[in-house]
Amino acid sequence: MIPELGHFAVILALGVALLQAAVPLLGWRRHDARLMSFAASAAQGQFLCVAAAYACLTYAFVSKDFSVAYVAENDHSQLPLIYRITAVWGAHEGSLLLWVLILSAWSLAVSVFNRRLPLEMSALVLSVLGMISTGFYLFILLTSNPFTRLVPAPAEGRDLNPILQDPGLAVHPPMLYMGYVGFSVAFSFAIAALIGGRLDAAWARWTRPWTTTAWMFLTMGITLGSWWAYKELGWGGWWFWDPVENASFMPWLAGTALIHSLAVTEKRGLLKSWTVLLAIIAFSLSLLGTFLVRSGVLVSVHAFASDPSRGMFILGFMVVVVGGALSLYAWRAPRLSSDGELRLFSREGLLLFNNVFLAAAAAAVLFGTLYPLVLDATGLGKVSVGPPYFNPVFLPLVTPLIFLVGLAAAVPWKRGDWKETVRRLRWPALAALVFGGALPFTLYGRSTPLASAGALLGLWAMFAAVQDVWRRVRAKPDLGSGLAAVPRAAWGMTLAHVGLGVWALGVSGVVSFGDEHDVRLARGTTTELGGYTFRFDGAGESQGPNYTAQEGTVTVTHGDRPVAVLHPQKRLYPSQGTVMTQSSIDIGLLRDLYVSLGDSFDDGSWSLRVYYKPLVRMIWLGGVLMFFGGMLAVSDRRYRLARAAERRAAEALEGAAA
């Protein structure tokens, strides 16, 4: 009975989404405030329906209801409770239900926090969100119903994919989807502006917090995904340019450009057409990522589905959404004129260059991701595009981008002065040059061009960001009042840019000085790597809740000093007959020591893969700092004051009309 209720709740949510899409739009055309106000109620009702459907599916997993086909495919009686809960989104149908739950939550948030906006704008935004929701509900009901029954019901489930039986699954997909889906709000604001004809500084101020919130969740989702792949897949890498990884990275690049373009539109009334186009592109790339993951065109550990009919539905939906948005943009964008003059050496000019490099990077990743698929689909052959393409193409784009990040913070709006800029940045530049050159030698006793460049750029971004805050603090009579006077948006920008610098340090360190060995060791034998000695002390049986394992013991020393005892595993999941490698990692701020267990041999020896990963934690620390930087920026006081002022203005207009 519970699955049938869940299916009915999805049907009901579809009906409410249709009303949310149609009624406010009709009200806007008729200037009927009552119909436009219906949008908020519809968004709230839609969320309740989807939440009920999601609760029903979760109950089916927790209660081990194997009569539901999706549960039987992804659950098992011995699966730990935490993984039964996360298994709800562990495959295509459930992850799509999580997608629409998060989409309805974004719509709910817009209906609650946008009450202070002009009613016409709020109604149009919620109407567009209702249209998007309608497409995804149809996708679920026509091709991806998670509540389909099995007759007869099997006695046991097939179990969740072992690669997904990890705590990372509990946080990575929800965070990633919050970012993916969150760009639908920026997209809806852009479409609402094109329909309503209002695109000014106030529109940018309304859109900016929603875009930053989506960006920060996507940042954390990508960071967690990189961390999960590093520790779970046993390959020791943090990024492989996998097409599904790229599917999340492309909207992140477009979203980063959008955040900076919105700042220019809000502050100076410039780049209006470009800002709207970026909002459309960011969500379009999110839809493209959905197509790549769920269409079956990719073979990847990250991909969800391999049903071509689903891919055709998403492709058709994407053509309608993106084609319609671009057509509307082509019609209305020529009317969006800028309010002032753009000077290249000003903060807005440098942010435009920032946008150019980000857009070029996104285009390069898009080309490298789609090129093999197009060749395969047209019968022109099969090629693999990976790090040999992406690394040399991406590096020349990100290098000037990081330089511009530090430079733009020191240049004022409207018009910059070269002499004043050099005066402001002379100490950050000198410090970055000195410490960046010395850091590789201090940590590793040697350097490489990549290590020196990465350290220089990373420290430049950090020192320049901190110097901008310090300049604001020094303008006040004392330290306390100076720190208090710095707005949260400035703190957020600083923290995000520091995070970018930390990320650059991590990438340059692990790429330049990381090392690995594939070795075959008998009990008591050793191998050397990165100045550490790894001694293999044998392997024995280990029992998990739903698996058996061969567990190795590896003792790590540095000279005569014991460092760690690592226990890599080779796990067998009997329900699926799947063998998985579980790495063991000794974590440090400046390095990771990483061991994966391979195959056993008749003489009792084992193959092992041993990694030395310097500064790899800096990569994820940088992502975390960017996330919290976004959080600080969103909580800035000026957004709260602006919303209050807009509410008072709206109330005054309503009173005058009455």
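Here goes a summary of the coordinates provided. These numbers were taken from a predicted model, which means no experiment stands behind them.

1. What to know about the overall build of the protein chain
When its secondary structure is counted, the protein chain shows 19 helices and ten strands. Computed over C-alpha atoms, the radius of gyration of the protein chain comes to 27 Å, within 12% of the 26 Å expected from 2.2 N^0.38 for 658 residues, which places it in the range of a compact globule. Seen through its C-alpha atoms, the protein chain measures out along the principal axes to roughly 90 × 75 × 55 Å. Looking at the protein chain as a whole, 56% of its 658 residues qualify as buried.

2. Examining helix 9 (residues 243–268)
Between the first and last C-alpha of helix 9 there are 37 Å, a value that for 26 residues agrees with the 38 Å anticipated at 1.5 Å per step. Most of helix 9 is tucked away, with 24 of its 26 residues classed as buried. Capping the start of helix 9, Asp-242 holds a side-chain oxygen 2.8 Å from the backbone nitrogen of Val-244, two or three residues further along. Just downstream of helix 9 lies Gly-269, where phi reads positive at about 70°.

3. A word on the pattern of salt bridges
The tally for this structure, following the rule as stated, stands at 18 salt bridges. For the salt bridge of Asp-586 with Arg-591, the shortest nitrogen-to-oxygen distance reads 2.9 Å. Judged by relative accessible area, Asp-586 falls into the buried class, the value being 16%. Among the ionic contacts, a cluster of salt bridges with common partners joins Glu-4, Asp-65 and Arg-149.

4. Notes on the side chain of Thr-211
Mapped onto the elements, Thr-211 comes out in helix 8 (residues 201–232). Relative accessible area serves as the criterion here: at 0%, Thr-211 is assigned to the buried category. Once residues within four sequence positions are removed from consideration, Thr-211 is found in contact with Phe-183, Ala-186, Leu-258, Ile-259 and Leu-262.

5. Let's talk about the sheet that holds strand 9 (residues 591–600)
What the four strands build is an open sheet, ordered 1-10-9-8; its pairing is antiparallel. In the strand order of this sheet, the two ends are held by strand 1 (515–521) and strand 8 (584–587), each with one partner. The average angle at which neighbouring strand axes cross in this sheet is 15°, direction not considered. Inspection of the sheet shows strand 1 paired to strand 10 (residues 606–614) by seven bridges, in the antiparallel sense. Bridging across to strand 10, Glu-516 finds its partner in Tyr-611.

Cut-off values and rules
Residues numbered from 1 in each chain as written. Predicted model: local features only at pLDDT ≥ 70, side-chain atom pairs only at ≥ 80, totals over all residues. Heavy atoms only, no water. Helix = DSSP H or I, 4+ residues; strand = E, 2+ residues; numbered from the N terminus. Rg over C-alpha atoms; globule rule 2.2 N^0.38 Å. Buried < 20%, exposed > 50% of the residue type's maximum accessible area, 1.4 Å probe, protein only. Expected span 1.5 Å × (residues − 1). Polar contact = N/O pair within 3.5 Å; in protein donor to acceptor, adjacent residues only side chain to side chain. Salt bridge = Lys/Arg side-chain N within 4 Å of Asp/Glu carboxyl O. Contact = heavy atoms within 4.5 Å. Pairing = 2+ DSSP bridges. Axes fitted to C-alpha atoms, helices over the stretch in contact; angles between N-to-C directions.

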